[in-house]
Amino acid sequence: MRHLILGDIHGQYNALIRVLKKADYDPKVDILYCVGDLTDRGPDSAKVVEFCINHGVLSIRGNHDMWFLDYLRYGYAPMIWLSQGGYKTLISFQQEAISRDLVLTYYKKMPYYREISEGGLSIAIVHGGIEPGIPLKDQNPEILTWDRNFWLLEQDPQLPYDRYFLGHTPLFGSAEINRYHVINLDTGAGYYRKLTAMDMISLEKFEVNI
Ligand SMILES: [Mn+2]
């Protein structure tokens, strides 16, 4: 059994299937996580969400997931979301027959962070970043979903985890790890660069070009 975690998928269903094949993903034994941002920018957001629901992907709520949840709940579709890939998500969901209730239930349950303990390691997962020294349960959701300073300024987390996974700040190459064991998995799938999956314990990395 492995704990595999995906970077920002952003509607890239084809790449999702290819990266999982590359990782030799076995749905019977492997557990899938994601750092969030399942939808927007890529062409197949509805297929990505359907896959995540069917495979019990344990995602984190990213800024794009917040926009989509607002849309699902209230029909709220602000220009900032539509212009950052949300429009493609609306088209994608028009083309696929997926239960809106299932999608809403899945999205409502998506947490702002996860803490897991596996392979003798304590691991934190967030989408954007954290404010150093503040316990995850007390972090501002805006920071957890939107912050880039934690990654870009290479801040010391000052929290008792062995390892951190996040996305949100797109890279131009492969996934990167900093001196505080913070791993950024957003390899720019939304910009048609790469999609990355990683074994959270061994740090074995799998990536495909979009
Ligand atoms: Mn993103």
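Residues numbered from 1 in each chain as written. Predicted model: local features only at pLDDT ≥ 70, side-chain atom pairs only at ≥ 80, totals over all residues.

Undergrad: I would appreciate a short explanation of the sheet that holds strand E7 (residues 176-177) in the present structure.
TA: Neighbouring strands of a sheet are bound in pairs by backbone hydrogen bonds; such pairs are parallel or else antiparallel. In space, the 5 strands of this open sheet follow the order E4-E5-E6-E8-E7, with mixed pairing throughout. A single partner strand is all that each edge strand has here, and the edge strands are strand E4 (113-118) and E7. Both E4 and strand E5 (residues 121-126) contribute to a ladder of 6 bridges, which runs antiparallel. In the sheet register, glutamate 115 faces E5, and the bridge partner there is alanine 124. (Pairing = 2+ DSSP bridges. Helix = DSSP H or I, 4+ residues; strand = E, 2+ residues; numbered from the N terminus.)

Undergrad: Would you take a moment to explain the pairing of E5 for this structure?
TA: Residues in a regular strand point their side chains to alternate faces of the sheet. Counting the residues between successive antiparallel strands, the hairpin from E4 to E5 contains 2 residues, one of them, glycine 119, with a positive phi of roughly 55°. In this structure, E5 lies alongside strand E6 (residues 163-166), joined through 3 bridges in parallel fashion. Bridge pairing in E6 places isoleucine 125 opposite phenylalanine 165.

Undergrad: What is the right way to read the sheet that holds strand E1 (residues 3-6) from this model?
TA: On the basis of which strands lie adjacent, the open sheet formed by 5 strands has the order E3-E2-E1-E9-E10 and mixed pairing. In this open sheet, the two strands that pair with only one neighbour each are strand E3 (58-59) and strand E10 (205-209). Bridge count for E1 against strand E2 (residues 31-34) is 4 bridges, and the pairing is parallel. Each residue of the ladder has a partner; that of histidine 3, found in E2, is isoleucine 31. Across the face of the sheet, helix H1 (residues 13-22) comes into contact with strand E9 (194-199) and E10 while running at roughly 145° to E10. (Contact = placed C-beta atoms within 7 Å. Axes fitted to C-alpha atoms, helices over the stretch in contact; angles between N-to-C directions.)

Undergrad: What should I look at first to understand the pairing of E1 in this one?
TA: This β-α-β element, E1 to H1 to E2, shows right-handed connectivity. Here E1 runs beside E9; their pairing, made up of 3 bridges, is antiparallel. Bridge pairing links isoleucine 5 to methionine 198 in E9. (Right-handed = clockwise from strand over helix to strand, strands pointing away.)

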